[in-house]
Amino acid sequence: MKRAVKEKELEKEKTEKAVSEEKETKETAASEKENKETSEKEEKASEKKKDPKDEKIDELNDKLKRSMAEFDNYRKRTDKEKSAMYEIGAKDVIEKILPIVDNFERGLNSIPEDAKGSAFADGMEKIYKQFVKTLDDMGVKPIEAVGKPFDNAVMHVEDENLGENVVAVELQKGYTYKDSIVRHSMVQVAN
């Protein structure tokens, strides 16, 4: 029995010792935390005691950086607006020129076979080619429609040689300008 009592006393002492060590560890951690918080407060207090001149310099630097960023954004925005305005203006001019190209094509197609070699016909052909080349250099390209599928036609025609919704006749050429459509094609498709 004495042995059991001694063992219990030893266990009790070990438990008390572990509890006291744990308390000391917690107290040490709390003390370290307090010291850290105090040093952080002191640092903040020293920062708050900055010279008014340094504060003014920081404020002016911040204003300068913001102004520079605003100006850069303004410059980028105006560049985009300028290019968009140019694109809109160019499309407007191209839309007004395309009927002239159409009339040139109609005129050249209406020249009789016996007059095709004449100086007048050759001159008209050269002017037309120059006109088309200039448009091509500007980025204006005709839309190739004949023989391709198309679902929004002006007219339909029966044609056994072509598949359904394939362009049979192009009534008016469509054109693109720098990957955007300036004028849609007007076509006749097969049923």
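Residues numbered from 1 in each chain as written. Predicted model: local features only at pLDDT ≥ 70, side-chain atom pairs only at ≥ 80, totals over all residues. Heavy atoms only, no water.

Engineer: Help me out: how do you make sense of the overall build of the protein chain in this one?
Structural biologist: Within the protein chain, the regular secondary structure consists of three helices and six strands. Ordered by position from N to C terminus, the α and β elements of the protein chain give α-α-α-β-β-β-β-β-β. Every one of the 191 residues in the protein chain was classed for burial, and the buried ones make up 16%. Of the contacts formed within the protein chain by residues at least 6 apart in sequence, a portion of 59% connects residues at least 24 apart. When the accessible surface of the protein chain is split by element, carbon and sulfur atoms take 54% of a total near 15,800 Å². (Helix = DSSP H or I, 4+ residues; strand = E, 2+ residues; numbered from the N terminus. Buried < 20%, exposed > 50% of the residue type's maximum accessible area, 1.4 Å probe, protein only. Contact = heavy atoms within 4.5 Å. Areas by Shrake-Rupley, 256 points an atom, 1.4 Å probe, with all protein chains shown as cover.)

Engineer: Honestly, the side chain of Gln188 in this entry has me stumped. Any pointers?
Structural biologist: With respect to the helices and strands, the residue Gln188 is situated in strand 6 (residues 186–190). We classify Gln188 as buried; its relative accessible area is 14%. With sequence-adjacent residues up to four places away left out, Gln188 is seen in contact with Met155, His156, Val157, Val166, Val167, Ala168 and Val169.

Engineer: In this structure, what is going on with a nonpolar patch on the surface? I would like to understand it.
Structural biologist: A cluster of nonpolar side chains, contributed by Val154, Met155, Val169, Leu171 and Met186, occupies part of the molecular surface with about 390 Å² of accessible area. Among the structural elements, Leu171 can be located in strand 3 (residues 167–172). The partly exposed category is assigned to Leu171, whose relative accessible area is 41%. (Patch = residues over 30% accessible without salt bridge, like charges linked within 9 Å, V, L, I, M, F, W, Y side chains within 5 Å. Salt bridge = Lys/Arg side-chain N within 4 Å of Asp/Glu carboxyl O.)

Engineer: Mind showing me how you'd approach the sheet that holds strand 5 (residues 180–183) here?
Structural biologist: By definition, the strands of a sheet pair up through backbone hydrogen bonds, in either a parallel or an antiparallel sense. In space, the three strands of this open sheet follow the order 1-4-5, with antiparallel pairing throughout. Unpaired on one side and paired on the other, strand 1 (140–143) and strand 5 mark the two borders of the sheet. The sheet shows a mean angle of 40 degrees between the axes of neighbouring strands, direction not considered. (Pairing = 2+ DSSP bridges. Axes fitted to C-alpha atoms, helices over the stretch in contact; angles between N-to-C directions.)

Engineer: Which parts of the structure should I look at to understand the pairing of strand 5?
Structural biologist: Each regular strand shows side chains that alternate between the opposite faces of the sheet. Where strand 4 (residues 174–177) lies against strand 5, three bridges are found, and the strand directions are antiparallel. From the neighbouring strand, Thr176 faces strand 5, where its bridge partner is Ile181.

Engineer: Where do I start with the packing of aromatic side chains in this structure?
Structural biologist: Pairs of aromatic rings are described using the distance from one ring centre to the other and the angle between the two planes. All told, the structure shown has three aromatic pairs when counted by the stated rule. A centroid spacing of 6.3 Å and a plane angle of 40 degrees characterise the contact between Phe104 and Tyr128, whose relative ring orientation is tilted. Taken together, the positions of Phe104 in helix 2 (residues 52–109) and Tyr128 in helix 3 (residues 119–138) put the pair 24 residues apart, joining distant regions of the chain. Here the two residues Phe104 and Tyr128 agree in accessibility, since each one is buried. Given the relative accessible area of 16%, Phe104 is considered buried. (Phe/Tyr/Trp six-rings, centres within 6.5 Å; stacked < 30°, edge-to-face > 60°.)

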